[in-house]
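These are the residues of each chain, in order.
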Amino acid sequence: MGVLTMQNPATGEILGELAEATPDEVRLAMERARQAFPGWSALPLPERLHYLTRLRHCLAEQAETLAGKISADTGKPTLEALMTEIFITADTIRFYEKHAKRMLSPRRVPTPLVLWPKRSSIHYKPLGVVAVISPWNYPFQLSVIPALSALAAGNTVLLKPSEVTPYTGLVMEELFRTIGFPEGVIQVLHGGREVGQALVAAKPDKIFFTGSAATGRAIMKQAAEYLIPVELELGGKDPMIVFADAHLERAANAAVWGAFTNAGQVCMSVERLYVEQSVYPQFVELVKAKTAALRQGFPRQADIGSMTFPRQAEIVRDHVADAIAKGAVVEIGGRFDEDGMFLSPTVLTGVTHAMKIMREETFGPVLPIMSFSSEAEAIRLANDSPYGLNASVWSQDETKAKRVALQLETGNVCINDCLVSFANPHLPFGGVKQSGIGRYRGPEGLRAFTHAVSVIHDPGRQKREVNWYPYTEEQETMFVVLIKALFGRERKWNRQALLAAWREWKRLQE
Ligand code: NAD
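Residues numbered from 1 in each chain as written. Predicted model: local features only at pLDDT ≥ 70, side-chain atom pairs only at ≥ 80, totals over all residues. Heavy atoms only, no water.

A word on the UniProt feature "active site" (unreviewed entry) in the chain
Link 1 in the chain: Under the UniProt annotation, "active site" (unreviewed entry) lies at E233 and C267. Spatial clustering of the annotated residues is evident: they stretch over 35 residues in sequence, but the largest pairwise C-alpha distance comes to 9.0 Å.
Link 2 in the chain: Within the fold, E233 resides in strand β9 (residues 230–233).
Link 3 in the chain: Not counting residues up to four positions away in its chain, the partners in contact with E233 are F208, F209, T210, G211, F429, G430, S435, G438, R439 and Y440.
Link 4 in the chain: Relative to the elements of secondary structure, C267 occurs in the loop between α9 (248–260) and β11 (270–276).
Link 5 in the chain: The residues contacting C267, other than those within four sequence positions of it, are N137, L234, G236, D238, E361, F363 and L389. (UniProt positions renumbered as here; feature names shortened; annotations may be inferred. Helix = DSSP H or I, 4+ residues; strand = E, 2+ residues; numbered from the N terminus. Contact = heavy atoms within 4.5 Å.)

Next comes the structure, spelled out in structure tokens:
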């Protein structure tokens, strides 16, 4: 059995040790989750939501303590932990309290006249046991929000947090215990890749995965063996396009925040900045000045904390070195002391799409800037990426901004803002291309934890239907008349033939 060391990446302080789940423990957890499912799914929605409300109250009461712990686990400033881990989770619970009923209630849908007198409806039923496998960059909200969504929809949950941030895993486990969820409804399995693989092998009814494209691919492969549905929330290389008519001061503030918040370890970080040529020199100067004003430290009075994962810091160093070797210019930053976890916020110019920094996910505090000379070029550059998670377009010309935004190959797009897509729980969130499969948040996101049961209901008073046996010549004539009348190019109906068809229809039913 492996042991995870819990360590503060910013200070190096050891926070403790945590045992990894064994394959037997994973199997047992699955059994408990299966046993808990009938009871949990049978609870009326308001009762399930009651547990979420309790959790919301806990988040509010313990906000500072929880943020402090997440901060210690990740190296992010406590303010970032408060805003992007606690606030957003509590806000999502509030959203479910208000809207889950509408999103999960059965829906009547229209029934075409030819099916009269039937009625049609869609019912949303939980899937069973949902496995949530989460990453280290927002270790709390990216675990708790999908878990709560699955629970609200009536599933039981097995959560495997990232082994890079095990302390947050422990914090979440304690929190769920405090809430007093019924036995087996939500369980946390600590550990790394092997525990994740054991969880998939335990055949959950759905896998909700957030992490890298490489792991997403591996999980999908393993899940294919058992035909387990997967939802993949993967990485990004998000473009930001700034036109000359944008509010440049606002756009520069956003570029700096969008690239460096959470030390750039955001799936939707601004990872590529394209600026219209006429304002390019001015914009680079603005970005440099704002970057120079940033304070790096931990955990308070700081804009940027440390990196969370040493291996990620290596990737960032490698991308920057590759860019410099290929001719990029370091405008500011670039001081990456050999083994330190604090990478200075870095702005690069002279970059091209031949460099890793413009093609691969960097996931660190680096902002590479390129210029463009036309709308078409900006769109082409933005779409020249294997990823498609989020993007932003900056212009005071609303028509142009929308026109460009809707030509970007992306799951989410912001106009005159960045990264904010996730903040509105009404909006579905997810990626295209290598950025993922599926959507969560919004009605689509909640229903993603259900399967839709289509119900069609006939009053059952007629002895047969027109399409049933025995097949007759009259029936055939009737269908020819109907097809021509309903779907033909000309709506010139042969009234007599239609009337005859209708009579035949009625006769067949009686
Ligand atoms: P990762 O893929 O290395 O690991 C994610 C999780 O998968 C971890 O819990 C890990 O233990 C587990 N895992 C690894 N191999 C596994 C396997 N074979 N089977 C089952 N589980 C396995 O990702 P990471 O480094 O933790 O997170 C960073 C990545 O996540 C970045 O690419 C980032 O863009 C992405 N991300 C995406 C979103 C989004 O919403 N689209 C949000 C945050 C992060």
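Here's the deal with a nonpolar patch on the surface
Link 1 in the chain: Residues V114, L115, I456, F479, I483, L486 and F487 make up a contiguous nonpolar surface patch of roughly 640 Å² in combined accessible area.
Link 2 in the chain: Here the nonpolar patch takes four residues from helix α16 (residues 473–487), the largest share from any one element.
Link 3 in the chain: With respect to the element layout, V114 can be found in the loop between β3 (107–109) and β4 (119–126).
Link 4 in the chain: On the basis of relative accessible area, V114 is assigned to the partly exposed category, the value being 45%. (Patch = residues over 30% accessible without salt bridge, like charges linked within 9 Å, V, L, I, M, F, W, Y side chains within 5 Å. Areas by Shrake-Rupley, 256 points an atom, 1.4 Å probe, with all protein chains shown as cover. Salt bridge = Lys/Arg side-chain N within 4 Å of Asp/Glu carboxyl O. Buried < 20%, exposed > 50% of the residue type's maximum accessible area, 1.4 Å probe, protein only.)

Details of the pairing of β4
Link 1 in the chain: Across three bridges, the pairing between β3 and β4 is antiparallel. Its bridge partner lying in β4, V109 is registered against S120.
Link 2 in the chain: Pairing of β4 with strand β20 (residues 450–457) involves eight bridges; the strand directions are antiparallel. In the sheet register, K125 faces β20, and the bridge partner there is H451. (Pairing = 2+ DSSP bridges.)

Let's talk about the pattern of salt bridges
Between side chains of opposite charge, a pair can form as their charged atoms come close.
Link 1 in the chain: All chains considered together, the criterion is met by 24 salt bridges.
Link 2 in the chain: Across the pair R193 and E194 runs a salt bridge, and its minimum N-O distance is 3.9 Å.
Link 3 in the chain: The class of R193 is exposed, set by a relative accessible area of 58%.
Link 4 in the chain: Its salt-bridge partner being K288, residue E285 comes within 3.7 Å of it at the nearest N-O pair. Here the residue E285 and the residue K288 both occupy positions in helix α10 (residues 280–292), the gap between them amounting to three residues, near one helical turn.
Link 5 in the chain: Residues joined by salt bridges that share partners form a network here, namely K118, D458 and E465.

A look at the environment of G436
Link 1 in the chain: Note on placement: G436 falls in strand β19 (residues 436–437).
Link 2 in the chain: Between the C-alpha atom of G436 and that of E17, which follows or precedes it by 419 residues, the distance is 33 Å.

Some words on helix α3 (residues 63–74)
Link 1 in the chain: Under the 1.5 Å per step criterion, the end-to-end length of α3 is 16 Å for 12 residues, consistent within 8% with the ideal 16 Å.
Link 2 in the chain: When we look at burial in α3, the residues that qualify are A63, L66, A67, I70, S71, A72, D73 and T74.
Link 3 in the chain: Tucked inside the fold, the buried residues of α3 contact β1 (3–7), β2 (14–19), α2 (45–61), α4 (78–104) and α6 (166–179).
Link 4 in the chain: One or two positions beyond α3, positive phi appears at G75, with a value near 85°. (Expected span 1.5 Å × (residues − 1).)

Points about the site of the ligand
Link 1 in the chain: Among the 28 residues in the neighbourhood of the ligand, the closest are listed as E163, S212, T215, L234 and E361.
Link 2 in the chain: For the ligand, an oxygen atom lies 2.9 Å from a polar atom in the side chain of K160.
Link 3 in the chain: A distance of 3.2 Å separates an oxygen atom of the ligand from a polar atom in the backbone of G211.
Link 4 in the chain: Computed on the free molecule, the ligand has an accessible area of 850 Å², of which 92% lies beneath the protein chains in the complex.
Link 5 in the chain: Where the shell around the ligand is concerned, the elements lending two or more residues are α7 (193–201), β8 (206–210) and α8 (213–226). (Near = heavy atom within 4 Å. Polar contact = N/O pair within 3.5 Å; in protein donor to acceptor, adjacent residues only side chain to side chain.)

Some words on empty space enclosed by the protein
Link 1 in the chain: Within the structure shown, the criterion is met by two cavities of 30 Å³ or more.
Link 2 in the chain: Considered as a void within the structure, the largest cavity measures approximately 80 Å³ in volume.
Link 3 in the chain: Along the walls of the largest cavity sit 15 residues, with P239, R272, A382, Y387 and E409 positioned nearest its centre.
Link 4 in the chain: Taken together, the residues of the lining of the largest cavity break down into six nonpolar, five polar and four charged.
Link 5 in the chain: The calculated volume of the second largest cavity comes to roughly 40 Å³. (1 Å grid on protein atoms, 1.4 Å probe; cavity = no way out; pocket = protein on both sides within 12 Å on 5 of 7 lines; lining within 4 Å. Points joined across faces, edges and corners; volume = space filled by probe spheres on them. Nonpolar A, V, L, I, M, F, W, Y, C, P; charged D, E, K, R; others polar.)

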